[in-house]
Amino acid sequence: MKKYYITTPIYYVNSQPHIGHAYTTLMADILARFHRQLLGGDRVWFLTGTDEHGAKVEQAAKKNNVSPQKFCDEVSAKFQLAWDSLDISNNDFIRTTEKRHEDAVKNILNILKTKKTPLGHDIFFEKEYEGLYCVGCEAYLKEEDLENGLCPNHQTKPEAVSEKNWFFRLSDFRDIIVKKISKGELKILPEKRKNEVLGLLEGGLEDIAISRTKVEWGIKLPFDEKQTVYVWVEALMNYITALGYGSNDQKKFNNFWPADLQLLGKDILKFHAVIWPAILISLGLDLPDKLFVHGYLTIDGKKMSKTLGNTIDPMDLIDEYGLDAARYLIVSQFQFGEDGHIKAESFANKYNSDLANGIGNLTSRVLSMAEKYFDNVVPAPKDKKHEPFGMKKYWEKYLDCFKNLKIFDAVSLVNSLSKALDAFIAEKKPWELAKDEKNKTELAEAIYVSCETLRHIARMIYPIMPGAAGDIFSRLALKNELNEKLEKRMKWGGLKPGSKINKGEALFPRK
Ligand code: MSP
């Protein structure tokens, strides 16, 4: 496998981490973990972080009566704690107030200042500007974007702003960006999001301000220190500054850029599909291979967000259901890419049906039988190759789900394999077979198939519930399972007869 660089958006520190942020981060973690177990998966780099400058953070700090830096330190630490608590396997965590980022951004802006647009104009120019600024979006809105005079995303009235700013001549990039997206040089998924961007580009592009005079909490514009860099422009650069671009050490950048997959919510599509490519093109850098745009976790039809005050804290879910179940419940509610309605009450139902009565119960059932009928030892089947489920097909479908980022379908597939194993056990009735010594061979076959299928199930759920998968492996005496590459372990027969197993406690106790 070649390298795999995956990123999440960097989260604003005006808000505490909630399960909307956790959703994106977990999806990236699932994909990073999936890729790391493949041959060559040691070349995976997974980046996340916090977006700490701008008017929104400045105002939030003021409201809390602390300095912006202290405020950022506290909230960024909460994000890092939440990701640690969710067992997120990011390789790096970038904060935009770090020196490595600030220095690199200044260097990059100095480089950009010397560049020309595809139509031969200077990239940056100064202009007086009057507009309506939404602090929640950290962006100017047009009159026609408003609903009853309010920002449709934040339900707040934008501020009338009049400033002399530096501008980025984005309008000159329209044709080249349309071409790159249409030709698939920059893939935008799902397809409807690609069409949304192309539709937006059809109407032309306006130049954007890249600096603010009235926002103090930001990186100083290196060629005009009275101004700070517009927060979105520097935030987007995190994806390359974290790799060392713009510094003296570009080794990581050379190893990992361009990104293979950048995940983002639909609210920030334009920034990633238009402004970001324009910056990269100006720098003469490759574009990311793929942007995947997902929907929102909604509550009562509204996006879960700090501004609307309807958030769920991932820590509460962990306290209630445990780490692996919390991970599962956050990512398995609806298809990745769509919006999905979340109800706190439905978590308990899903926990019981999919985990306590599903994989958890199946694990106890299988291991109890091995304990009872074979004294805690995996029996030897007569035919080690025989398996009733068509596991090869399951794996093909599973790999396909990951290739197409259909994480929800991958979860459904594992649940259907669990059901198939349940049905197999119901049909074989090991408890009946055990009544007569002459059925010993058939019983050994049934228990081997059950234990080995459990190994496959655990291997499939690993990226989603790494703790539960590891637990199943240790119960099956497979201490080294996860050190072995997936391609090798997808084959039937990986569990050695004679292994001593340990039934253990309920994996997911009923709620
Ligand atoms: N700081 C910018 C991103 C800069 S990236 C260079 C930002 N931050 S944010 O914290 O407001 O949101 C970041 C991301 O969090 C969203 O794009 C999305 O991936 C995720 N989500 C925040 N709320 C969400 C939901 N309610 N549902 C799903 N994802 C959500 O925008």
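Residues numbered from 1 in each chain as written. Predicted model: local features only at pLDDT ≥ 70, side-chain atom pairs only at ≥ 80, totals over all residues. Heavy atoms only, no water.

Explanation requested: the overall build of the protein chain in the structure shown.
Within the protein chain one finds 19 helices and 17 strands. Counting the 511 residues in the protein chain, one finds 57% classified as buried. Within the protein chain, contacts between residues at least 6 apart in sequence are counted, and of these 78% link residues at least 24 apart. Taking the 74 positively charged and 71 negatively charged side chains of the protein chain as two groups, their mean positions are separated by 4 Å. (Helix = DSSP H or I, 4+ residues; strand = E, 2+ residues; numbered from the N terminus. Buried < 20%, exposed > 50% of the residue type's maximum accessible area, 1.4 Å probe, protein only. Contact = heavy atoms within 4.5 Å. Lys, Arg positive; Asp, Glu negative; His and termini not counted. Charge placed at Lys NZ, Arg CZ, Asp CG, Glu CD.)

What is the right way to look at the environment of S247 in this model?
If you trace the backbone, S247 turns up in the loop between α8 (238–241) and α9 (251–256). A C-alpha to C-alpha distance of 5.7 Å links S247 and A104, two positions 143 residues apart in sequence.

Honestly, the pairing of strand β12 (residues 224–229) in this entry has me stumped. Any pointers?
On any regular strand, side chains alternate: one points to one face of the sheet, the next to the other face. Of the strand pairs in this sheet, strand β10 (residues 211–212) and β12 are connected by two bridges, and their pairing is antiparallel. Bridge pairing in β12 links R212 to T228. In the sheet, strand β11 (residues 220–221) pairs with β12 via two bridges, with the strands oriented antiparallel. Within the sheet, the bridge partner assigned to L221 lies in β12 and is D224. Hairpin connection of β11 to β12: two residues between the antiparallel strands. (Pairing = 2+ DSSP bridges.)

Looking at this structure, I do not really get the sheet that holds β10. What am I missing?
As a general point, the strands of a sheet are linked pairwise by backbone hydrogen bonds and lie either parallel or antiparallel. Ordered by their spatial adjacency, three strands build an open sheet running β10-β12-β11, and the pairing between neighbours is antiparallel. Strands with a single pairing partner mark the edges of an open sheet, and in this sheet they are β10 and β11.

Got a minute to help me understand the nonpolar core in this structure?
A general feature of soluble globular proteins is that nonpolar side chains tend to end up buried together. Counting residues in each nonpolar core, the largest one holds 108 residues, and the members touching the most others are I19, W83, Y398 and M465. Leaving out residues up to four positions away in the same chain, M465 has contacts with D324, Y328, L355, I359 and F508. L47, A139, I181 and L285 belong to the second largest nonpolar core, which has 74 residues in total. (Core = buried A, V, L, I, M, F, W, Y, C linked by side-chain atoms within 4.5 Å.)

Sorry, what's going on with the pattern of salt bridges here?
Opposite charge on two side chains allows them to pair when their charged atoms are near. Under the counting rule described, the total for this entry stands at 34 salt bridges. A salt bridge links K3 to D260; the nearest nitrogen and oxygen atoms lie 2.7 Å apart. Of this pair, K3 sits in the segment before β1 (4–7) while D260 sits in the loop between α9 and β13 (261–265); the two residues are 257 residues apart in sequence, bridging distant segments of the chain. Accessibility assignment for this pair places K3 and D260 in one class, buried. D436 serves as the salt-bridge partner of K438, at 3.1 Å between the closest nitrogen and oxygen. (Salt bridge = Lys/Arg side-chain N within 4 Å of Asp/Glu carboxyl O.)

Help me out: how do you make sense of the packing of aromatic side chains in this one?
What describes a pair of aromatic rings is the distance from one ring centre to the other and the angle between the planes of the rings. Per the stated rule, a full pass over the model turns up 29 aromatic pairs. Measuring from ring centre to ring centre gives 5.5 Å for F168 and F173, while their planes differ by 45°; the resulting arrangement is tilted. Across this residue pair, the class does not change: F168 and F173 are buried. By the ring-pair criterion, three or more aromatic residues cluster together here, those being Y5, W45, Y239, Y245, F253, F256, W257 and W276. It is K113 that lies over the ring of F223; its NZ or CZ is 4.9 Å from the centre. The positively charged end of K266 is found above the aromatic ring belonging to Y296, 4.7 Å away from the centroid. (Phe/Tyr/Trp six-rings, centres within 6.5 Å; stacked < 30°, edge-to-face > 60°. Lys NZ or Arg CZ within 6 Å of the ring centre and 35° of its normal.)

What am I meant to see in the site of the ligand here?
The ligand sits among 25 residues. The nearest are I10, T24, D51, L297 and M304. The contact in question runs from an oxygen atom of the ligand to an N or O atom on the side chain of T24, over 2.8 Å. Residue M304 places a main-chain N or O atom 2.9 Å away from a nitrogen atom belonging to the ligand. Across the complex, the protein chains shield 96% of the 660 Å² of accessible surface that the ligand would expose by itself. (Near = heavy atom within 4 Å. Polar contact = N/O pair within 3.5 Å; in protein donor to acceptor, adjacent residues only side chain to side chain. Areas by Shrake-Rupley, 256 points an atom, 1.4 Å probe, with all protein chains shown as cover.)

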